[in-house]
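Residue strings, one per chain:
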Amino acid sequence: MIVAESLTKRYGAKTAVDDVSFEVHPGRVTGFLGPNGAGKSTTMRMILGLDRPSAGRVTVDGRAYRDLSAPMVQVGALIDAKALHGGRTARDHLVVLAKSNGIPLTRVDEVLDIVGLTSVAKKRSGGFSLGMGQRLGIAGALLGDPRVLLFDEPVNGLDPEGILWIRNLMKRLAGEGRTVFVSSHLMSEMALTADHLLVIGRGRILADTGVAQFIAENSVSHVKVRSPQADRLAELAAAAGWQVSRDPAGALLVQEVTTDQVGDLAGHNGVFLHELAKVEASLEEAFMRLTADSVEYHTGGTPPKTAAEAVPGWGPPTVADRIG
Amino acid sequence: MTTTAPAAPTALAPGARLTFGRILDSEWAKIKTVRSTVWTLLALFVVSVLISWGIAALAASDVAKDVAEGKKNDAPDLLTVGVAFGQIAALVLGVMSMTAEYSTGMIRTSLTAVPWRASMLAAKALVLALVLFVVGAITGFCCYFLANLMLDAKDVGIALGDPGVIRSLIGTGLYLAVLGLFGMALGVLLRHTAGAITLGIALIFVVGGVVGLIPGKTGDWIAKLMPANAGSQVMSVEAADKMFRPWPGFAVFAAETLILLLLGTLLLEKRDA
Ligand SMILES: Nc1ncnc2c1ncn2[C@@H]1O[C@H](COP(=O)(O)OP(=O)(O)OP(=O)(O)O)[C@@H](O)[C@H]1O
Ligand SMILES: [Mg+2]
């Protein structure tokens with residue numbers, strides 16, 4: 001189990017992780033979801049003792065990472081695909097890691113086989129593709145057969161087959177009773193993999209909930225209506241106190257009503273309908289809505305200082321977001 | 001859910017945990033599995049031996065003339081003269097052992113596997129020092145045999161048993177080992193290959209010579225205390241004028257390096273990786 005208490009990380013004036021508290025439990029895949037620059041990697045680096053928290057603390061199975069006596073057996077981590085020396089062969093890289101923790105070298109060949117790198121075990125990792133580097137990183141994480149696993153954007157660079165493979169791997173690891181904590185910026189990916197969600201935006205936890213519950217709570221559906229008398233219908237809907245907007249094609253989008261209500265309204269007023277449909281918001285939209293709100297909340301008190309600050313948390317990465 | 005899953009020992013490796021010996025073993029595996037180590041050590045050996053041999057061959061007749069005329073016998077200084085050039089390789093190896101971890105990103109994986117940072121640095125230092133001592137001493141002896149062959153041809157050879165000769169050859173290994181550690185310390189402090197190598201070379205070749213120009217007793221002391229000036233005395237058969245005696249000089253160099261390494265350890269412990 002991973003426990004963070006009031007975890008905070010500041011880089012100069014920038015607060016990357018802001019007073020965050022959460023628990024990651026064993027036996028399920030916990031998705032760590034947030035847009036670029038939200039603070040996912042920073043949080044993971046603090047869990048692994050790589051970055052020192054500015055305030056608060058985080059423990060793995062009750063201990064600070066740096067106090068672990070068998071780190072690779074207790075925690076396996078994939079930080080990023082490029083956290084290795086490209087001059088070393090894949091096998092040598094794993095041998096170096098295994099030796100430090102007293103893991104038998106037979107295990108090195110086992111994990112190479114698990115991640116499908118046996119055929120390139122004697123090749124220097126510098127020539128590996130992003131996906132192969134990612135697999136080697138995963139091999140390193142699995143080396144100690146750890147109880148807790150951390151993956152920072154593991155599907156990065158993987159092909160569809162690789163994505164399916166890591167999805168199943170994570171589920172299997174959680175099924176064996178391990179703690180699996182995986183970051184992503186894709187809600188759709190998490191919906192397929194995770195059982196539990198920890199949503200982070202601008203360094204703050206926005207949601208800590210089951211995936212199903214998150215979807216139920218956050219996906220707002222609306223009714224889409226196409227009508228030759230759209231303007232008239234929009235007036236009627238507004239008069240009924242409903243929220244109405246238009247999509248680019250000119251169809252009306254009516255919030256928080258049923259198709260029955262819209263159909264009845266149109267019928268009573270003699271408005272022709274060409275289409276009447278209930279539209280479920282996608283998970284991605286639910287997620288964007290949530291993180292966008294967090295930005296409003298953040299900038300509500302103080303006006304944004306720079307253009308970059310004014311950009312919602314979800315969007316193209318800004319230069320500031322990419323540093324580090 | 002408040003129950004914590006036990007950090008159960010896995011069936012895989014009940015004895016798997018960190019020990020200093022294992023960290024040493026891992027660092028040994030690290031240094032020997034990158035090609036640059038072999039190339040750098042080869043450069044150290046070849047450059048030192050070839051230059052010692054070449055200079056001895058060129059200078060042997062002059063030395064013989066000086067000795068015949070009763071002037072100072074320069075033969076002892078020629079035995080390992082090439083190490084003055086080969087030593088750059090030891091510095092580079094030391095710097096790279098640390099900065100390559102940063103430039104490749106390996107440091108994050110290393111510190112995840114071994115979060116005991118001071119122990120990792122100590123293990124790295126021990127492995128590096130041992131490798132450089134062995135290769136350095138072998139280089140010293142090879143320099144001696146080849147250079148002495150040239151000197152012997154003009155009857156100004158120096159016997160291995162003469163005072164200070166064996167000490168200077170073992171001292172070559174010792175000096176190069178500490179020089180490597182000096183580079184490693186600069187590497188952990190600066191975390192940048194080019195910066196650390198530049199600073200190291202500047203300290204050894206430029207500053208060490210320039211401070212000799214400062215007049216008076218202060219200047220003499222500053223020159224004496226410069227790392228390479230102090231440390232290299234252990235490599236010479238007879239210590240140079242105005243410099244420390246061989247062992248005190250080496251002790252000064254080792255102490256300076258130790259201070260830098262301790263500073264580096266503090267920073268490594270404190271800084272984000
Ligand atoms: N070493 C650092 N120095 C300064 N700022 C940093 C550093 N590391 C991260 N940051 C900043 O902290 C914020 C959080 O970054 P972090 O890498 O944790 O985000 P992330 O959620 O992992 O994003 P991504 O999805 O892009 O990987 C960003 O604004 C980033 O610029
Ligand atoms: Mg990240």
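Residues numbered from 1 in each chain as written. Chains lettered and ligands numbered in written order. Predicted model: local features only at pLDDT ≥ 70, side-chain atom pairs only at ≥ 80, totals over all residues. Heavy atoms only, no water.

So, about the overall build of chain B. Tallying secondary structure elements over chain B gives 11 helices and zero strands in all. When the helices and strands of chain B are placed in sequence order, the string is α-α-α-α-α-α-α-α-α-α-α. Along the first, second and third principal axes, the C-alpha atoms of chain B reach 95 × 40 × 30 Å. In chain B, buried positions account for 49% of the 273 residues. Pairs at least 24 apart in sequence give 75% of the contacts found in chain B among residues at least 6 apart. As displayed, chain B has an accessible area near 12,100 Å², and 71% of this comes from carbon and sulfur atoms. Here chain B contributes 20 positive and 17 negative side-chain charges, whose respective centroids are spaced 12 Å apart. (Helix = DSSP H or I, 4+ residues; strand = E, 2+ residues; numbered from the N terminus. Buried < 20%, exposed > 50% of the residue type's maximum accessible area, 1.4 Å probe, protein only. Contact = heavy atoms within 4.5 Å. Areas by Shrake-Rupley, 256 points an atom, 1.4 Å probe, with all protein chains shown as cover. Lys, Arg positive; Asp, Glu negative; His and termini not counted. Charge placed at Lys NZ, Arg CZ, Asp CG, Glu CD.)

Our next topic: the overall build of chain A. Across its full length, chain A holds 13 helices and 13 strands. Expressed as a percentage of contacts within chain A between residues at least 6 apart in sequence, the contacts between residues at least 24 apart total 68%. Roughly 14,000 Å² of accessible area belongs to chain A as shown, and the carbon and sulfur atoms make up 52% of that amount.

The subject of this paragraph is the pattern of salt bridges. Across all of its chains, the model carries 23 salt bridges over all chains by this definition. Put simply, aspartate 272 of chain B and lysine 9 of chain A hold a salt bridge, and the shortest N to O gap is 2.8 Å. With aspartate 272 of chain B in the segment after helix H11 (246-270) and lysine 9 of chain A in strand S1 (residues 2-11), this residue pair bridges two chains. Classification of aspartate 272 of chain B by relative accessible area gives partly exposed; the value is 23%. In this structure, arginine 226 of chain A engages glutamate 275 of chain A in a salt bridge whose closest nitrogen and oxygen atoms are separated by 2.9 Å. Of this pair, arginine 226 of chain A sits in strand S10 (residues 222-226) while glutamate 275 of chain A sits in strand S13 (residues 275-279), and the two are 49 residues apart along the sequence. Taking the relative accessible area as the measure of exposure, glutamate 275 of chain A reaches 27% and is therefore partly exposed. (Salt bridge = Lys/Arg side-chain N within 4 Å of Asp/Glu carboxyl O.)

This part takes up the packing of helix H7 (residues 165-190) of chain B against helix H8 (residues 193-210) of chain B. Residue and element names in this part refer to chain B. At a closest axis distance of 9 Å, the pairing of H7 and H8 adopts a crossing angle of 135°. Taken as axis vectors, H7 and H8 run oblique relative to one another. Considering only the axes of H7 and H8, their crossing is right-handed. Contacts between H7 and H8 involve Leu179, Phe182, Leu186, Gly187 and Leu190 from the first element and Gly195, Ala196, Leu199, Gly200, Leu203 and Ile204 from the second. Tallied by class, the residues present in the contact of H7 with H8 amount to eight nonpolar, three polar and no charged. (Axes fitted to C-alpha atoms, helices over the stretch in contact; angles between N-to-C directions. Parallel < 35°, antiparallel > 145°, perpendicular 65-115°, else oblique. Left-handed = near helix turned anticlockwise from the far one by under 90°. Nonpolar A, V, L, I, M, F, W, Y, C, P; charged D, E, K, R; others polar.)

All names here are of chain B. The end-to-end C-alpha separation of H8 is 24 Å, in line with the 26 Å expected for 18 residues at 1.5 Å each. Bending of H8 peaks at approximately 40° at the position of leucine 203. Among the residues making up H8, those that are buried are Ala196, Ile197, Gly200, Ile204 and Gly208. If you follow the buried residues of H8, they end up packed against helix H4 (83-104), H7 and helix H10 (227-231). (Expected span 1.5 Å × (residues − 1). Bend = angle between axes of the 7 residues up to and from the residue.)

Here we come to the side chain of threonine 99 of chain B. All names here are of chain B. Looking at where threonine 99 falls in the secondary structure, it is placed in helix H4. Of note is the side chain of threonine 99, whose polar atom sits 2.9 Å from the side chain of threonine 193. Every residue in contact with threonine 99, bar those within four places of it in the chain, is listed here: Gly187, Arg191, His192 and Thr193. (Polar contact = N/O pair within 3.5 Å; in protein donor to acceptor, adjacent residues only side chain to side chain.)

Time to look at the interface of chain A and chain B. Between chain A and chain B, the contact holds 48 residues from the first and 40 residues from the second. For the pair chain A and chain B, the summed buried surface comes to about 3,800 Å²; carbon and sulfur atoms form 58% of the total. Considering only the surface of chain A that becomes buried against chain B, Leu50, Arg66 and Lys99 of chain A emerge as the three largest contributors, covering 16% of it. The interface formed by chain A and chain B includes four salt bridges. Those elements that place two or more of their residues in the side of chain A that touches chain B are S1, helix H2 (71-74) and helix H3 (90-100) of chain A. With six residues, H3 of chain A is the single largest residue contributor to the side of chain A that touches chain B. (Buried area = accessible area lost by both parts, 1.4 Å probe.)

The next point concerns the confidence of the model for chain B. In this model, chain B carries a mean pLDDT of 92, and residues with pLDDT of at least 70 account for 95%. This stretch, residues 1-10 of chain B, has a pLDDT under 50; its non-local contacts, to residues over four places away or in other chains, come to 17 contacts. (pLDDT = per-residue confidence, 0-100.)

What follows concerns the pairing of strand S6 (residues 148-152) of chain A. The side chains of a regular strand alternate, first on one face of the sheet and then on the other. Residues and elements named next belong to chain A. Extensive coverage of S6 is indicated by the burial of five of its five residues. Here S6 shows no split at all, with Val148, Leu150 and Asp152 on one side and Leu149 and Phe151 on the other all buried. Across four bridges, strand S5 (residues 75-78) lies against S6 in parallel orientation. Counted as the bridge partner of glycine 76 is leucine 149 from S6. Bridge count between S6 and strand S7 (residues 179-184): five bridges; the pairing is parallel. (Pairing = 2+ DSSP bridges.)

Attention shifts here to the packing of aromatic side chains. Scanning all chains against the criterion turns up eight aromatic pairs over all chains. Between phenylalanine 182 of chain B and phenylalanine 253 of chain B, the ring centres sit 5.9 Å apart and the planes meet at 50°, which makes this aromatic pair tilted. Of this pair, phenylalanine 182 of chain B sits in helix H7 while phenylalanine 253 of chain B sits in helix H11, and the two are 71 residues apart along the sequence. There is no split in this pair, since phenylalanine 182 of chain B and phenylalanine 253 of chain B are both buried. A connected cluster of aromatic rings, assembled from ring pairs, spans Phe22, Phe32 and Phe181 of chain A. Its end group placed over the ring of tryptophan 221 of chain B, lysine 224 of chain B keeps NZ or CZ at 4.3 Å from the ring centre. Sitting over the ring of phenylalanine 244 of chain B, lysine 224 of chain B keeps its end group 5.1 Å from the ring centre. (Phe/Tyr/Trp six-rings, centres within 6.5 Å; stacked < 30°, edge-to-face > 60°. Lys NZ or Arg CZ within 6 Å of the ring centre and 35° of its normal.)

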